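Working through the structure, step by step
Okay, here's what each chain looks like letter by letter:
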Amino acid sequence: MTNIKNVEKIFNPPPYHWVGDGFKVHTFFPSIGIDKARMSPFYLLDYNAKMEFAPSDTQRGVGPHPHRGFETVTIAFNGSVAHHDSAGNSGVINEGDVQWMTAGKGVLHKEYHEKEFSKRGGAFQMVQLWVNLPSKYKMTDPNYQALEYDKMGKFELPDNNGIVNIIAGEFNGIKGPATTFTPIYIYDIHINKKTDLSIKLPKEFNTGVLILDGSININGSDTAETDQFALFKNDGEVFNISTKDKAKVLVLSGKPINETIFQYGPFLMNTKSEIIEAIDDYNDGKFGHLD
Ligand code: MN
């Protein structure tokens, strides 16, 4: 059994911080435990664990701010998030939907709880990933992909055991809808009952699993619970997930981008001089306008 992708470590959620007043997030990486390159091409994972928001007449969230050099990928598991950006794109994501924004050479955007959800209040659980771009695509034009739950690749597990929603990449020959700049797999897996599931991903791809609900056993050896993140070694291709009951997990896997990483605030570039250029361009109004 030399082709097993073994667990390197299971992480508890780190202490939370607020992004604006709408997103109470645990940043699993980059962190002391998971270096900025360790999950490349994924640079950042912010996780808003499931919580209740009280009804509010004002929309909680974060106002206009810039990004350059990467993509923000927002996945709603509970609740609704609205987005507007200076490239003219906007949208709302509900449970199971994904918004995939390519900041590229630069946009301003704002992210808020959707208006009706704010009024109603309720359960809220989401993820935001920062997906790095290789140097040759960092200054690509901004883009926006609205990936609705119904449009995800769907692999039904046998015996009504659940479903693998393929957001990016493919699973057992079924492709997800996301267009990506580097090879990436993202699966939103919903398990209904006692299940055994095998997942095969390239050995060299950096891989992790976020547990959104329930408890899973990995490779018969490691147990991961709700709100934990399992980081895998790059030692094989196949890992097994088994559950005794229902569960929800998010699988992330991608081919590492082997380039230098220089991050400052909302900018993710290769060098310090590119960061200075980004700040200058932002101050010169080159990221457009957003109220
Ligand atoms: Mn943002």
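Quick look at the structure, then. Every chain is numbered independently, its residues counted from 1 as its sequence is written. Since the coordinates come from a predicted model, pLDDT governs what is reported: local features require at least 70, and pairs of side-chain atoms require 80 or more to be given and counted, while whole-chain, interface and lining totals use all residues. Side-chain metrics rest on all non-hydrogen atoms present in the structure, leaving aside hydrogens and water.

Our next topic: the overall build of the protein. Counting from the N terminus, the helices are the DSSP runs of H or I reaching at least four residues and the strands are the DSSP runs of E reaching at least two. What the protein contains, in helices and strands, is two helices and 26 strands. A globule of 291 residues ought to have a C-alpha radius of gyration of about 19 Å, and the protein, at 19 Å, matches this closely. Principal-axis analysis of the C-alpha atoms gives the protein an extent of 55 × 45 × 35 Å. Taking all 291 residues of the protein together, 53% fall into the buried category. Every residue pair with non-hydrogen atoms within 4.5 Å of one another is taken to be in contact. Looking at the protein alone, contacts between residues at least 24 apart form 72% of all its contacts between residues at least 6 apart. For the protein, the exposed surface amounts to about 12800 Å²; the carbon and sulfur share of it is 48%. Note on charges: Lys and Arg go in the positive column, Asp and Glu in the negative column, and His and the chain ends are not counted at all. Here the site of a charge means NZ on Lys, CZ on Arg, CG on Asp, or CD on Glu. Taken as two groups, the 29 positive and 36 negative side-chain charges of the protein have centres that lie 3 Å from each other. Using C-alpha atoms as the atom set, the radius of gyration is obtained and then compared with a globule rule of 2.2 Å times the number of residues to the power 0.38. Using a 1.4 Å probe on the protein chains alone, a residue whose accessible area is under 20% of its type maximum counts as buried, one over 50% counts as exposed, and one in between counts as partly exposed. Accessible surface area values rest on a Shrake-Rupley calculation with a 1.4 Å probe, where residue burial reflects the displayed protein chains alone.

What follows is about the coordination of the manganese ion. Donor atoms are limited to N, O and S found within 2.8 Å of the metal ion, a distance that becomes 3.2 Å for Na, K and Ca. With water left out, some sites might look partial. Those protein atoms acting as donors to the manganese ion are His65 (NE2), His67 (NE2), His109 (NE2) and Glu111 (OE), and they sit at 2.1 to 2.7 Å. All donors of the manganese ion belong to a single chain; written as a sequence motif, their spacing is H-x1-H-x41-H-x1-E. Here His109 lies in strand β10 (residues 107–113) and His65 lies in strand β5 (residues 61–67), a separation of 44 residues in the sequence. His109 carries the same exposure label as His65, and that label is buried.

Turning next to the sheet that holds strand β20 (residues 215–218). One key point about sheets: their strands pair by backbone hydrogen bonds, in either a parallel or an antiparallel sense. The pairing criterion is simple: DSSP has to find at least two bridges between the two strands. The strand order across the open sheet built from four strands is β18-β23-β20-β21, with neighbouring strands paired in antiparallel fashion. Both edges of this open sheet fall to β18 (195–200) and β21 (222–225), since each of them pairs with a single strand only. Going from strand to strand, the sheet's axes swing by 25° on average, the running direction of each strand aside. Here β18 pairs with strand β23 (residues 238–243) via six bridges, running antiparallel. Its bridge partner lying in β23, Asp196 is registered against Ser242. All axes are obtained by fitting lines to C-alpha atoms, using only the stretch in contact for helices, and the reported angles, taken between N-to-C directions, cover 0 to 180 degrees.

As a rule of thumb, non-glycine residues mostly have phi less than zero, and peptide bonds are mostly trans rather than cis. With an omega of 0°, the peptide bond running from Phe29 to Pro30 counts as cis. With omega at 15°, the peptide bond leading from Ser40 into Pro41 counts as cis. With respect to the secondary-structure elements, Pro41 resides in the loop between β3 (23–29) and β4 (42–53). For Asp159, which is not a glycine, the phi torsion comes out positive at approximately 60°. With phi around 55°, Asn160 is a residue other than glycine that occupies positive phi space. Secondary-structure assignment places Asn160 in the loop between β13 (153–157) and β14 (162–168). On the accessibility criterion, Asn160 (58% relative accessible area) is exposed.

Another point: the environment of Thr223. Relative to the elements of secondary structure, Thr223 occurs in strand β21. Accessibility expressed as a relative area gives 42% for Thr223, which makes it partly exposed. Considering only alpha carbons, one finds Thr223 and Tyr16, 207 residues apart in sequence, at a separation of 23 Å. Look past the residues within four positions of Thr223 in its chain and what remains in contact with it is Ile10, Ser215, Ile216, Asn217 and Gln228. Side-chain polar atoms of Thr223 contact the side chain of Asn217, separated by 3.4 Å. By the criterion applied in these results, polar contacts are pairs of N or O atoms within 3.5 Å in which, for protein atoms, one can donate a hydrogen and the other can accept it, and in which residues neighboring in sequence qualify only through two side-chain atoms.

Among buried residues, those of type Ala, Val, Leu, Ile, Met, Phe, Trp, Tyr and Cys that are joined through side-chain atoms within 4.5 Å constitute a nonpolar core. Counting residues in each nonpolar core, the largest one holds 30 residues, and the members touching the most others are Ile186 and Phe229. For this core, the element with the most residues is β4, which contributes four residues. Not counting chain neighbours up to four residues away, the residues in contact with Phe229 comprise Lys9, Ile10, Phe11, Phe28, Phe29, Ile34, Met39, Leu45, Gly208, Val209, Leu210 and Leu252. With 26 residues, the next largest nonpolar core counts Val164, Phe171, Phe205 and Ile241 among its residues.

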